[in-house]
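# Coordinates in review
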Amino acid sequence: MFESKAGILFIAGIGFFAFAFLSNAVVPMVMYKDLPEQTAEQVVNDKLMYQFDELSRRYPGAFREHIGEPTVENCADALRLGKQVYVGEGCWHCHSQFVRPVSNDSKRFGQVSETWEYQNELQRPVMFGTRRVGPDLSREGGRRGSDWHAVHFFKPKMVSPDSPMPEYPWLFDGAPDQPNGRGLALITYVQWLGSWLDTYPYYEELDAEKMEESF
Amino acid sequence: MSSETVAETLPRHADLVEERLVRWYFLAAISYMLISMLGGILMALQLIHWNPLTSWEIFSAGRWRMVHTNAIAYGFLANAFLGTLHWVVPRLTLQKVASVKLSYFIFAAWQLIVLGTAAGIIIGPTLQDQEWIASLARNWHMEMSLGAQGLEWGETPFWVDPIALLGLALVAINFLTPIAKAKGPMYVTLWYYMAAFVWTFLTYAMGNFLPQYALTGTSAGAVGGLFIHDLVGLFVTPLGWGLMYYIVPIILQKPIWSHGLSLVGFWGLAFFYPLQGIHHFLYTPIPMFLQYGAIISTIAVEFVVATVVINFMGTLWGDGRKVVTNLPIRWFYTGMIFYFITCFQCALQVTLTFQKLIHFTDWVVGHAHLVMFGVFSMWIFGTMTFLFPRLLGREWYSRKLCEIHFWCSAVGVFIMFLDLGLAGVFQGFYWSSLQPWDVSVDGSQPFWITRLFAGLTMFVGFLCFLYNLHMTYRGEQRASSTAAVPATA
Ligand code: HEM
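Residues numbered from 1 in each chain as written. Chains lettered and ligands numbered in written order. Predicted model: local features only at pLDDT ≥ 70, side-chain atom pairs only at ≥ 80, totals over all residues. Heavy atoms only, no water.

### Some thoughts on the coordination of the iron atom of the ligand
All names here are of chain B.
- For the iron atom of the ligand, the protein coordination sphere consists of His-68 (NE2) and His-369 (NE2), at 1.9 to 2.0 Å.
- In this structure, the iron atom of the ligand is surrounded by six donor atoms whose angles at the metal cover 84 to 179°, and the resulting shape is octahedral. Of the two residues, His-68 sits in helix 4 (residues 61-93) while His-369 sits in helix 15 (residues 362-392), which places them 301 residues apart along the sequence. (Donors = N, O, S within 2.8 Å, 3.2 Å for Na, K, Ca; no water. Tetrahedral: all angles 85-135°; square planar, octahedral: opposite > 155°, others 65-115°. Helix = DSSP H or I, 4+ residues; strand = E, 2+ residues; numbered from the N terminus.)

Printed below as a string of structure tokens:
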């Protein structure tokens, strides 16, 4: 059996693979089958709509041209496109979306990530990430203004002088105050991250703590 | 039967092996290695603020980082392995592949798949906000992301996936046919190859379709982990070890040391390797008991790996000097030492204690380079060093350039590995000590600069190889070739 063609094909090839699939993939699938997957429309919330609205007033021309009215449907479309930009540009190779229960992550980024946070269309495939060159983004929404993000995406060094993050001028029509469709969508997506939580994380507290220490 | 009559009844090498195809595959592999290295260098430059191509959309460092890894997996490794398969399988089975026409078709199709993937990753995102795509997505009720898919190593755009899967099925048919026809007991290499055909197909299907179409959230994470792990463990690893089991005894002209250990190695790998996927996502919301399972099987597989390495060291026993004198053997055994180091590192880094510190850091990137370059690429380079003179009918133009290629690759990748491992430890401590993020980025600079130069060293070695190959090709053809020799010689 150990050296026969059938043994290798069916036991090692298919059998062991199936066994691993069963234990490593089917078990979690079964465990979470009762958590329904939400659509982009369903995950649009008040905080995000506030940001979306603000975006429409800050860049009225670009917003009207690329998105239209700040409605929930348009916001969901922007989220979808924004996620595609996030994936396509490889942001997820430098940023995780997953606050770990260790390494003081929760102090730095806020509440530890939980399963339900990922049960939506925009986490397909899930954006846990495997590498952090830049900080975790799963609680980024509302942390900075959309104008900050615009400038930062246009040329990160303008707001963060030592940043190794790449520039994304192609998300703009020539200037940081003229985001194009992809730019607006990406900002919307980033503002969505973590907006589903009740409270924003404690950066300010952390900064205050740091200030005290340094005096 | 005298050996002469055996030689007469055996099929001749030229009737079995389509050498031209092996050459083409190798050349394709080498081209993608060049592209991948350039991508890696671009990203390395980006991190140290020296990127000369910022603000040029098609040279976006983020997109090229994905080209970097995909060109290696599907361009370099897949092509090089297909080339070796076309050499090894017919010679071991004494049967031709199912169809030579099919082989050429697969070759062409695979290059289209790789180029399509690269094109998708590079220009897909640019076209993403076109109206026609949005309307297609609406009408078909599916996501239409032209660019990369969001799973590491699974970035192949969704429209490439079905074609690639079909390609893998054809590859399996083409090579399983001669294996099925072969008579007598199967040699170790063929165990690995057979299993690899099945596994690669299943792995690719699992990783590229389930997380995209069927699963979200935590369960998608579990499948994603399984995929990135299986791609290395069930596609690259068995093809790599299969090759070693074939080629090392041939060059050393003696059998593998222990058949029993070969069995342990194969079945241990087959059982424990697929069970480890979740170890890429420890401390995620994936249930803890599954994480423990993955950790335990990871540690188990390191013992299996040790038996394989011992088996090969036993084979070398008595011929130690060949490591100095014989270049391919040196490539192979250096790769095996690196393999042992990565696996040992793996057994440590998979523990929750290590994970706290090194997850998300450059430690992992160092690990990835040592496995992918230090082990499998080195094995392939060794194989190429061995086979090109036969494929071209010419001796290497310069042994010295071969030596430089070896030393630059081995030293470069090992420095990169040490450097990034250390960088990872620093980054881990910067983060957990809650210093501002910039501190960790600035603190990484010396390591990233070192990494660039380590990478450039590897690159220089590779350029020497290219030049050497070019000069060899232009050189004089040898009088005798292998074509008429019986396939077992
Ligand atoms: C020319 C030399 C090379 C340089 C300068 C280089 C540089 C890089 C850089 C900058 C990254 C991104 C790391 C990060 O996200 O922080 C990377 C990732 C990677 N490279 Fe290379 N690379 C080189 C050659 C190679 C080769 C030859 C291979 C494979 C045979 C390879 C395999 C990988 C893999 C697998 C990753 C992904 C690591 C991960 O996500 O954990 N690299 N490389």
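### Things to note about the domain arrangement of chain A
- Under the domain assignment, chain A is made up of domain 1 (1-31) and domain 2 (38-213).
- One C-alpha centre belongs to domain 1 of chain A, the other to domain 2 of chain A, and the line joining them spans 40 Å. (Domains from an automatic or database assignment.)

### Some details on the site of the ligand
- In the region of the ligand, 26 residues are neighbours, and Arg131(A), Arg65(B), His68(B), Glu152(B) and His369(B) sit closest.
- Among the chains of the assembly, those with residues near the ligand are chains A and B.
- Between the ligand and Arg131(A), the relevant distance is 2.9 Å, taken from an oxygen atom to a side-chain nitrogen or oxygen of the residue.
- Contact distances for the ligand include 2.5 Å between an oxygen atom and a side-chain N or O atom of Glu152(B).
- Looking at the shell around the ligand, the elements that each hand over two or more residues are helix 3 (19-47), helix 4, helix 15 and helix 17 (437-474) of chain B.
- Top contributing element to the shell around the ligand by residue count: helix 15 of chain B, with eight residues.
- Partitioning the shell around the ligand into residue classes produces 15 nonpolar, six polar and five charged. (Near = heavy atom within 4 Å. Polar contact = N/O pair within 3.5 Å; in protein donor to acceptor, adjacent residues only side chain to side chain. Nonpolar A, V, L, I, M, F, W, Y, C, P; charged D, E, K, R; others polar.)

### A few points about the interface of chain A and chain B
- Each partner contributes residues to the interface: chain A has 80 residues there, and chain B has 96 residues.
- Approximately 7,500 Å² of surface area, both sides summed, lies buried where chain A meets chain B, with 66% of it carried by carbon and sulfur atoms.
- Where chain A meets chain B, there are four salt bridges.
- Its salt-bridge partner being Asp362(B), residue Arg131(A) comes within 2.9 Å of it at the nearest N-O pair.
- Applying the counting criterion to the chain A and chain B interface returns 29 residue pairs in polar contact (both at pLDDT 80 or more).
- Counting only elements with at least two residues in the side of chain A that touches chain B, the list comes to helix 1 (5-31), helix 5 (72-88), helix 6 (105-109), helix 8 (181-192) and helix 9 (203-214) of chain A.
- For the side of chain A that touches chain B, the leading source of residues is helix 1 of chain A, giving 20 residues.
- Taken together, the residues of the side of chain A that touches chain B break down into 39 nonpolar, 23 polar and 18 charged. (Contact = heavy atoms within 4.5 Å. Buried area = accessible area lost by both parts, 1.4 Å probe. Salt bridge = Lys/Arg side-chain N within 4 Å of Asp/Glu carboxyl O.)

### Overview of unusual backbone geometry
- A cis geometry characterises the amide bond from Arg124(A) onward to Pro125(A), with omega recorded as -5°.
- Relative to the assigned elements, Pro125(A) resides in the loop between helix 6 and helix 7 (146-154).
- Within the chain, Ser103(A) stands out as a residue other than glycine whose phi angle is a positive 60°.
- Checked against the element boundaries, Ser103(A) lands in the loop between helix 5 and helix 6.
- By relative accessible area, Ser103(A) is classed as buried at 16%.
- We note that Trp153(B) has phi near 70°; this positive angle belongs to a residue other than glycine.
- Looking at the element boundaries, Trp153(B) is found in the loop between helix 6 (131-140) and helix 7 (161-181). (Buried < 20%, exposed > 50% of the residue type's maximum accessible area, 1.4 Å probe, protein only.)

### Comments concerning the packing of aromatic side chains
- Counted according to the given criterion, the structure contains 52 aromatic pairs over all chains.
- With 6.2 Å between their ring centres and 80° between their planes, Phe388(B) and Trp396(B) make a pair best called edge-to-face.
- Stacked on the ring of Trp148(A), the Lys or Arg Arg144(A) has its end atom at 4.0 Å from the ring centre.
- Across the ring face of Phe406(B), the terminal group of Arg330(B) is positioned such that the distance to the ring centre comes to 5.0 Å. (Phe/Tyr/Trp six-rings, centres within 6.5 Å; stacked < 30°, edge-to-face > 60°. Lys NZ or Arg CZ within 6 Å of the ring centre and 35° of its normal.)

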